[in-house]
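Observations on chain architecture
Next come the chains, spelled out residue by residue.
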Amino acid sequence: GSSDTNIATVSGNTVTIVGVGPVDIIAYQTGNGSYNPAPSVAQPLTISPKELTVTGTSVVDKTYDQGVTAQVSGTPFGLINNDAVILVAAGEFTTSAGNNKAVTAQFSITGNDAAKYTLTQPTLTGNILPATLTLDTPSVSDKVYDGTTTATVNGTLNGILSGDTVTLNGTG
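Just so it is clear, the structure is predicted and the values come from calculations on it, not from any experiment. (Residues numbered from 1 in each chain as written. Predicted model: local features only at pLDDT ≥ 70, side-chain atom pairs only at ≥ 80, totals over all residues. Heavy atoms only, no water.)

1. Thoughts on unusual backbone geometry
The line we're drawing: Working definition: helices are DSSP H or I runs of at least four residues, strands are E runs of at least two. Numbering for both runs from the N terminus. Residue exposure (1.4 Å probe, protein chains only): buried if accessible area is under 20% of the type maximum, exposed if over 50%, otherwise partly exposed.
Not every positive phi belongs to a glycine, and glutamine 66 is a case in point at roughly 75°. Position of glutamine 66 among the secondary structure elements: in the loop between β6 (62-63) and β7 (69-70). The class for glutamine 66 is partly exposed, based on a relative accessible area of 39%. One non-glycine residue, threonine 137, adopts positive backbone phi at about 45°. Examined against the element boundaries, threonine 137 turns out to sit in strand β15 (residues 134-140).

2. What to know about the pattern of salt bridges
Applied cut-off: When a carboxyl oxygen of Asp or Glu lies within 4 Å of a side-chain nitrogen of Lys or Arg, that pair is called a salt bridge.
Applying the stated criterion to the full structure yields 4 salt bridges. Across the salt bridge formed by lysine 62 and aspartate 65, the nearest N and O atoms sit 3.1 Å from each other. Ionic pairing is found between aspartate 83 and lysine 116, a salt bridge with its closest N-O pair at 3.9 Å. Note that aspartate 83 is positioned in the loop between β8 (72-77) and β9 (86-88) and lysine 116 in the loop between β12 (108-110) and β13 (117-119), a separation of 33 residues in sequence. Salt bridges sharing common partners tie together Asp83, Asp113 and Lys116.

Written out as structure tokens, the structure is:
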């Protein structure tokens, strides 16, 4: 027999694994007219969760918005048979704008059979594209001839996010 049929079942001489965790498989021999019953013997058995990995991962490029949320996707690899496991994809950028920035993977698994598995997080990188700024009411300051072609450009930058500091350095 089995001490926990949610982990292992016994039918005749066959043990069937149906879950994860510790279980005792109990062997016994009933007596008959010629022999007394044998004492039961318990054999401990631990079924460990199977490791899943995430393959086919991708990170969608995003435009700088002061946020860290990353749109990620992937496919679970290592499922047994038709186990009911759903991969939930999540991630966060660890820095601001730039290419090949680290993304902390935060994948998880749910579903009826999720407890049978552990999930190894993938290593991810992604791109945070610079936000677009516009220059409203641009103007060029008058100047006295000095033999150079440098001029000062003035105007108002639009598109700066609250809390960010951006300075217009307008020369050309």
